[in-house]
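What the coordinates show
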Amino acid sequence: MKYPKIYLTLVFLLLNMLPIMAQNTPTTNEKQQEKLVVVWTSDDPYVADRVALMYTHAAKNNDWFNEVTLIIWGPSAKLTSENLKIQEKLHTMQKDGVEIRACIACANAYGIADDLKKLGFEVDGMGKPLTDYLKDPSTHVITF
């Protein structure tokens, strides 16, 4: 059977467009690799309890993201070192799979780096990791 040229041209175009159309649709693997990084800077315990930590923990527990990281940065570091309720919440979050990191420059500025390390949190430079997170298209960064 002989097909008209128009049909052959359409089939050719469709076959060549498939790779392009597939690039615009995230694959299941790409969706599973989405990461959330929450930069928590506020020293307000209500912002911590009712916004930053609540959302971060829910994101992990509800599988809204494959990986969830909380960065303790600035005044939130001092609040963490002083507030037992927040420390307990952070430990629960860690047990549930949230990675907790803290900025060493901030912790040193408040004289609490050892306190945060004793609490079991990673205390390290955060400038470069935050930059990498911001440049990574699969990572979503939000600040409270």
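Residues numbered from 1 in each chain as written. Predicted model: local features only at pLDDT ≥ 70, side-chain atom pairs only at ≥ 80, totals over all residues. Heavy atoms only, no water.

The next point concerns the overall build of the protein. Within the protein, the regular secondary structure consists of eight helices and five strands. Traced from its N-terminal end to its C-terminal end, the protein shows the element sequence α-α-β-α-β-α-α-β-α-α-β-α-β. Out of the 144 residues in the protein, the part that is buried amounts to 33%. The long-range fraction of contacts in the protein, counting pairs at least 24 apart against all pairs at least 6 apart in sequence, stands at 72%. When the accessible surface of the protein is split by element, carbon and sulfur atoms take 58% of a total near 9100 Å². (Helix = DSSP H or I, 4+ residues; strand = E, 2+ residues; numbered from the N terminus. Buried < 20%, exposed > 50% of the residue type's maximum accessible area, 1.4 Å probe, protein only. Contact = heavy atoms within 4.5 Å. Areas by Shrake-Rupley, 256 points an atom, 1.4 Å probe, with all protein chains shown as cover.)

Attention shifts here to unusual backbone geometry. One non-glycine residue, Asp63, lies in the positive phi region at around 55°. Secondary-structure assignment places Asp63 in the loop between helix H3 (45-61) and strand S2 (67-72).

With that settled, the discussion passes to the packing of H3 against helix H5 (residues 84-95). Helix packing for two helices is described by the angle between their axes and how far apart those axes are. Where H3 meets H5, the closest approach of the two axes is 11 Å, and the angle between their N-to-C directions is 5°. Relative to H5, H3 is oriented roughly parallel. For the pair H3 and H5, the contacting residues are Pro45, Ala48, Asp49, Leu53, Thr56 and His57 in the first and Lys85, Ile86, Lys89, Leu90, Thr92 and Met93 in the second. Taken together, the residues of the contact of H3 with H5 break down into six nonpolar, three polar and three charged. (Axes fitted to C-alpha atoms, helices over the stretch in contact; angles between N-to-C directions. Parallel < 35°, antiparallel > 145°, perpendicular 65-115°, else oblique. Nonpolar A, V, L, I, M, F, W, Y, C, P; charged D, E, K, R; others polar.)

Its 12 residues place the ends of H5 17 Å apart at the C-alpha level, agreeing with the 16 Å of an ideal helix rising 1.5 Å per residue. For H5, every residue scored as buried is listed here: Ile86, Gln87, Leu90 and Met93. Each buried residue of H5 sits inside an arc of 120° when the element is viewed along its axis, so together they form one side. Those residues of H5 that are exposed and aimed more than 90 degrees away from the buried face are Leu84, Lys85, Glu88 and Lys95. Residues of H5 that are buried make contact with strand S1 (35-40), H3, S2, helix H4 (75-82) and strand S3 (99-103). (Expected span 1.5 Å × (residues − 1). Arc of directions from axis to C-beta.)

To continue, consider the pattern of salt bridges. Counted according to the given criterion, the structure contains seven salt bridges. Its salt-bridge partner being Arg50, residue Asp49 comes within 3.6 Å of it at the nearest N-O pair. Overall, the relative accessible area of 25% leaves Asp49 in the partly exposed class. In this structure, the salt-bridge partner of Asp132 is Lys128, at a minimum N-O distance of 2.6 Å. (Salt bridge = Lys/Arg side-chain N within 4 Å of Asp/Glu carboxyl O.)

Of all hydrophobic cores here, the largest spans 26 residues; its most connected members are Trp40, Leu53, Leu70, Ile72, Leu90 and Leu116. Of all the secondary structure elements, the ones that give two or more residues to this core are S1, H3, S2, H4, H5, S3 and helix H7 (113-118). Ranked by residues supplied to this core, first place goes to H3 with four residues. Beyond its immediate sequence surroundings of up to four residues, Leu53 is in contact with Trp40, Ala48, Leu70, Ile86, Lys89, Leu90 and Met93. By size, the runner-up hydrophobic cluster in this structure holds eight residues, among which are Val39, Cys103, Leu130 and Tyr133. (Core = buried A, V, L, I, M, F, W, Y, C linked by side-chain atoms within 4.5 Å.)

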